[in-house]
Amino acid sequence: MQQETALTVPGTAARTVDVSDTVPTKPSISSLAGRAKAAIVVRLLLNEGADIPLEELPDELQGVLTHQMGTMGLVDRDTLFSVVQEFAEMLDGVGLSFPKGIGGALTILDGRISPQTAARLRKEAGVRMTGDPWDRLRALPAEDLAELVQAESTEIAAVILSKLDVPKAAELLGKLSGPDARRITYAVSQTGAVTPDTVDRIGISLAAQLDDKPLVAFDTGPGERVGAILNLSPATTREDMLTALDEEDADFASVVRKSIFTFAHIAERLSPRDVPQVIREVDQGDLIVALAFAALDPKDTASADFILSNISSRMADNLREEVAEKGKIKPADGESAMNTVVGAIRGLEQAGDIELILPEGEEDAA
């Protein structure tokens, strides 16, 4: 609707002039579309230096926002204030926000429901893991990344290496054989023309492979599980089982042997600087029994001497005196005490407080 006003010039008759083109009209807050309001809020936040992760929006919404901002022009202060006030009131009124779709719900519940349930629901709904697939790939252990890289072409492996953080990429190269590492490193020089869309497709494809992997019931391999059981078994039982495994499957028996860590291995695989920390974790009564029982086997005696030689001389002398007073130790009590010492070492290792020395031959393989 045009706005008209009467203008009177001295010496002339009054006449009506249309001023709709000369007086700017202020848009009503109610007439603004939701996209326009969103564009105003985003522009204000960016202008104030806020770091808004717009890249996390779906591509379609990023495009809509960009096009909307390109058509906005000028916004007066009153409109800006009204939009911001409405936005603030809307945020104040929000109690909870739930994701749309089962994919978002599974992302929120990740780690809080069982992997089996999550995999079943994802398969039934036909959805894959949401979010940046490269974030999932970067979070993988270097061993898993090495297995993934070796199953892909050299070009794909070069892209994977380029998308990793520098420390993780260096760790990954250390897990590969020399020829593979050199081949993939050289292929990085050929990735200069790779487009972002190609990298996204590669990430999505690799993440889909992770989703398609069947769930396993055990976190550790068969050899580690058997080794852990034999660790705490009586020595006679352990040797009997290993002999039987050698006859049935020598390769599996070798894996089991590498997983076994007994009192006799302490001198070979425990760092001297970690001995005091281990001693603090073991009840002194159990330690004295273990040291006393170790005298019956030369291998165990070497570990007992190793322990005593890496603590203070005063503490070592006190322990030797108490060991001498112990007398003969029952095998069941001695093995139980040794297992207590071994259990303390294993606990510190699993907590990341100490690191055991790899057995000979396994260092080169690692």
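Just above, that's the structure.
Residues numbered from 1 in each chain as written. Predicted model: local features only at pLDDT ≥ 70, side-chain atom pairs only at ≥ 80, totals over all residues. Heavy atoms only, no water.

Peer 1: What am I meant to see in the packing of helix α7 (residues 142-150) against helix α9 (residues 166-175) here?
Peer 2: Packed helix pairs are characterised by how far apart their axes lie and by the angle those axes make with each other. Across the interface, α7 lies against α9 with an axial gap of 9 Å and an inter-helix angle of 65°. By the angle between their directions, the pair α7 and α9 is classed as roughly perpendicular. The handedness of the crossing between α7 and α9 is right-handed. The segment α7 lies against α9, with A142, E143, L145, A146 and V149 engaging K168, E171, L172 and K175. (Axes fitted to C-alpha atoms, helices over the stretch in contact; angles between N-to-C directions. Helix = DSSP H or I, 4+ residues; strand = E, 2+ residues; numbered from the N terminus. Parallel < 35°, antiparallel > 145°, perpendicular 65-115°, else oblique. Left-handed = near helix turned anticlockwise from the far one by under 90°. Contact = heavy atoms within 4.5 Å.)

Peer 1: Help me out: how do you make sense of the side chain of D274 in this one?
Peer 2: Its location among the elements puts D274 in the loop between α15 (266-269) and α16 (275-281). An unpaired buried charge is present at D274: no salt bridge exists, and R273, the closest side chain of opposite charge, is 4.2 Å distant. Residue contacts for D274: discarding those within four places in its chain leaves I354 and E355. (Buried < 20%, exposed > 50% of the residue type's maximum accessible area, 1.4 Å probe, protein only. Lys, Arg positive; Asp, Glu negative; His and termini not counted. Salt bridge = Lys/Arg side-chain N within 4 Å of Asp/Glu carboxyl O.)

Peer 1: Is there a simple way to think about helix α10 (residues 178-187) in this case?
Peer 2: What sets the pattern is the α-helix's 3.6 residues per turn: residues three or four places apart point alike. Along α10, the residues classified as buried are A181, I184 and A187. Within α10, the buried residues cover an arc of 130° as seen down the axis, which keeps them to one side. Pointing more than 90 degrees away from the buried face of α10 are the exposed residues P179, R182 and Y186. The elements touched by buried residues of α10 are α7, α8 (154-163) and α9. (Arc of directions from axis to C-beta.)

Peer 1: Whenever I open this one, the pattern of salt bridges confuses me. Can you help?
Peer 2: A pair can form between side chains of opposite charge whenever their charged atoms are brought close. Enumeration over the complete set of coordinates arrives at 8 salt bridges. With a closest N to O distance of 2.9 Å, D135 and R138 form a salt bridge. Here D135 pairs with R138, and both are found in helix α6 (residues 133-138), just 3 residues apart, close to one helical turn. When its relative accessible area of 45% is taken as the criterion, D135 is described as partly exposed. By relative accessible area, which is 21% here, R138 ends up partly exposed. Between K175 and E143 there is a salt bridge whose closest N-O contact spans 3.2 Å. Here the residue K175 occupies a position in helix α9, and E143 occupies one in helix α7, the gap between them amounting to 32 residues. Accessibility expressed as a relative area gives 34% for K175, which makes it partly exposed. Under the relative-accessibility criterion, E143 is labelled partly exposed at 44%.

Peer 1: Which parts of the structure should I look at to understand the environment of R225?
Peer 2: Among the secondary structure elements, R225 is positioned in helix α12 (residues 222-231). As a C-alpha pair, R225 and S259 span 34 residues in sequence and 8.3 Å in three-dimensional space. In contact with R225, other than residues within four places in its own chain, are F218 and T220. Side-chain polar atoms of R225 contact the backbone oxygen of T220, separated by 2.6 Å. (Polar contact = N/O pair within 3.5 Å; in protein donor to acceptor, adjacent residues only side chain to side chain.)

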